[in-house]
Amino acid sequence: MAEMQQKADSGGKGGKKRAKRQSTKIDMTPLVDLAALLITFFMLTTTFNKPQTMEINMPKKVDNPEEQIALKASNAMTIILGPDDDLYYYFGLAEDNPEIVESSYASNGIRQVLLSSKVKSNDMMTVMVKPMESSRYKNVVDILDELKITDTKRFAMVEIAESDKKLVQEQIGN
Amino acid sequence: MPKVKVKRTAPSLDMTPMVDLFFLLVTFFMLTATARPDEAVIVDTPSSASEIKIPDTNVITITVDKNDRVFFGVDGQQTKEALLDRIAKNYNIGFTEEERKTFSLLSNFGVPINQLKGYLAMESNDRKEVNQPGIPVDSARNELGDWVLQTRLTNPKVVIAIKGDQDVSYPTVKRVMDILQEKKVDRFNLITDMEMKPTN
């Protein structure tokens with residue numbers, strides 16, 4: 001115990017004046033209260049987990065469109081992010097009037113497509129992500145996340161073309 | 001038969017170890033704590049399975065909130081003071097020493113440059129209440145591009161992070177990305193929440 005025995009001061013002149021024995025025990029309850037308060041304060045103000053981040057490299061803006069190499073239809077896959085968390089994809093180029101398939105952000109949706117042998121076995125397969133103006137930011141992050149999860153290396157964020165919008169409208173009908 | 005006398009003792013317990021432990025914890029938290037900076041807006045970031053952490057220092061945070069307003073923030077007091085000097089020179093606005101000091105303590109802000117002086121003159125409580133219009137990003141008054149460019153000139157090491165709300169419409173984010181690309185920034189970070197990585 002935090003307690004010190006004091007030796008009684010005996011002696012001295014002029015009779016027996018005994019100092020009262022007093023223990024030096026102190027009540028530590030307020031001290032504990034204070035310490036607990038401080039702990040609580042610091043625990044609540046500390047930011048424990050730093051936010052996660054996703055690195056994204058955008059393709060360089062090319063000034064001269066002639067310098068770009070055309071993508072072969074067999075190596076192209078396009079994912080269109082639509083309104084209300086809709087998601088469509090097609091293989092090939094928009095000119096060839098490909099079949100548009102509706103998919104979803106769920107784990108059995110677009111992820112399975114990206115993991116399918118059609119995408120995985122083709123090293124040159126380039127995935128183009130085309131968000132519509134009506135899609136929201138979460139969709140973009142979700143699809144980038146899917147690409148990351150499926151370890152798809154070749155992908156690009158591309159602005160949506162009129163032909164893509166028309167395809168969706170014709171085949172899905174909204 | 002003699003009566004057994006129960007010795008009465010006060011139920012006091014020794015709190016010394018407890019106090020020791022508590023102060024140890026207090027010290028730990030005090031040393032590790034970085035106070036949460038008060039943000040101008042609260043955004044609900046989307047989640048991702050990414051496991052990269054954002055660096056502690058030299059980060060420009062461009063916050064895009066639900067109402068498509070853009071906020072700009074950078075860390076480092078010296079950086080911010082130097083940044084404000086550069087902006088002041090470009091836009092021919094003089095800032096007083098006090099305004100520079102206030103600016104260097106802001107974590108982020110979303111006012112056009114011509115309203116910045118008024119914003120800095122406010123009391124810190126009023127500053128929280130006031131409705132900030134966001135930094136202009138349209139092509140006629142592309143102030144965000146200037147802020148980013150001048151920050152990079154001030155501190156070349158900065159990393160750019162975009163912190164967007166889940167429900168922000170894509171064109172706003174696209175506009176911010178385009179501005180960054182105009183300023184030759186092709187690599188940036190999107191701040192997200194944590195999500196468990198799928199196990200398949």
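Criteria and cut-off values
- Residues numbered from 1 in each chain as written.
- Chains lettered and ligands numbered in written order.
- Predicted model: local features only at pLDDT ≥ 70, side-chain atom pairs only at ≥ 80, totals over all residues.
- Helix = DSSP H or I, 4+ residues; strand = E, 2+ residues; numbered from the N terminus.
- Rg over C-alpha atoms; globule rule 2.2 N^0.38 Å.
- Buried ≥ 20, exposed ≤ 12 C-beta atoms within 10 Å, placed from the backbone.
- Contact = placed C-beta atoms within 7 Å.
- Nonpolar A, V, L, I, M, F, W, Y, C, P; charged D, E, K, R; others polar.
- Pairing = 2+ DSSP bridges.
- Axes fitted to C-alpha atoms, helices over the stretch in contact; angles between N-to-C directions.
- Expected span 1.5 Å × (residues − 1).
- Parallel < 35°, antiparallel > 145°, perpendicular 65-115°, else oblique.
- Left-handed = near helix turned anticlockwise from the far one by under 90°.

A. A look at the overall build of chain B. A tally of helices and strands in chain B yields 7 helices and 6 strands. Taken from N to C terminus, the helices and strands of chain B fall in the order α-β-β-β-β-α-α-α-α-α-β-α-β. Over its C-alpha atoms chain B spans a radius of gyration of 25 Å, topping by over 25% the 16 Å that the globule rule assigns to 200 residues. Across its three principal directions, the C-alpha atoms of chain B cover 105 × 55 × 30 Å. Looking at chain B as a whole, 29% of its 200 residues qualify as buried.

B. Molecular detail of the interface of chain A and chain B. Counting from both sides, the interface comprises 39 residues of chain A and, opposite them, 46 residues of chain B. For the side of chain A that touches chain B, the secondary structure elements donating two or more residues are helix 1 (29-45), strand 1 (52-57) and helix 4 (137-149) of chain A. The dominant element in the side of chain A that touches chain B, judged by the number of residues it contributes, is helix 1 of chain A, at 9 residues. Of the residues belonging to the side of chain A that touches chain B, the class tally is 20 nonpolar, 9 polar and 10 charged. In terms of strand pairing, strand 1 of chain A meets strand 6 (residues 187-194) of chain B through 6 bridges, oriented antiparallel. Directly across from glutamate 55 of chain A, in strand 6 of chain B, lies its bridge partner asparagine 189 of chain B.

C. View of the sheet that holds strand 4 (residues 101-103) of chain A. All names here are of chain A. Taken in spatial order, the 5 strands make up an open sheet running 4-3-2-5-6, and their pairing is mixed. Pairing within the sheet leaves two strands with one partner each, and these edge strands are strand 4 and strand 6 (155-157). Across the sheet, the axes of successive neighbouring strands diverge by a mean angle of 25°, strand direction being ignored. Bridging between strand 3 (residues 87-91) and strand 4 involves 3 bridges; their strand directions are antiparallel. Note on strand 4: the bridge partner recorded for tyrosine 88 is glutamate 102.

D. Inspection of helix 4 of chain A at higher detail. Residue and element names in this part refer to chain A. Along its 13 residues, helix 4 runs 18 Å from first to last C-alpha, staying within 8% of the 18 Å computed at 1.5 Å per residue. Counted residue by residue, helix 4 has 10 buried out of 13 residues, so it is predominantly covered. Taken together, the buried positions of helix 4 are occupied by Tyr137, Lys138, Asn139, Val140, Val141, Asp142, Ile143, Leu144, Asp145 and Glu146. Just past helix 4, the residue aspartate 151 takes up positive phi, approximately 60°.

E. Geometry of the environment of leucine 25 of chain B. Following the sequence through the fold, leucine 25 of chain B ends up in helix 1 (residues 16-32). Between the alpha carbons of leucine 25 of chain B and lysine 183 of chain B there is a distance of 47 Å; along the sequence they are 158 residues apart.

F. Layout of the packing of helix 6 (residues 143-154) of chain B against helix 7 (residues 170-182) of chain B. Residue and element names in this part refer to chain B. Closest axis-to-axis distance for the helix 6/helix 7 pair is 9 Å, and the angle between their directions is 45°. The pairing of helix 6 with helix 7 is recorded here as oblique in orientation. Note that helix 6 runs across helix 7; the crossing there is right-handed. Residue-level contacts link Leu144, Gly145 and Val148 of helix 6 to Val176, Ile179, Leu180 and Glu182 of helix 7. In terms of residue class, the contact of helix 6 with helix 7 is made up of 5 nonpolar, 1 polar and 1 charged.

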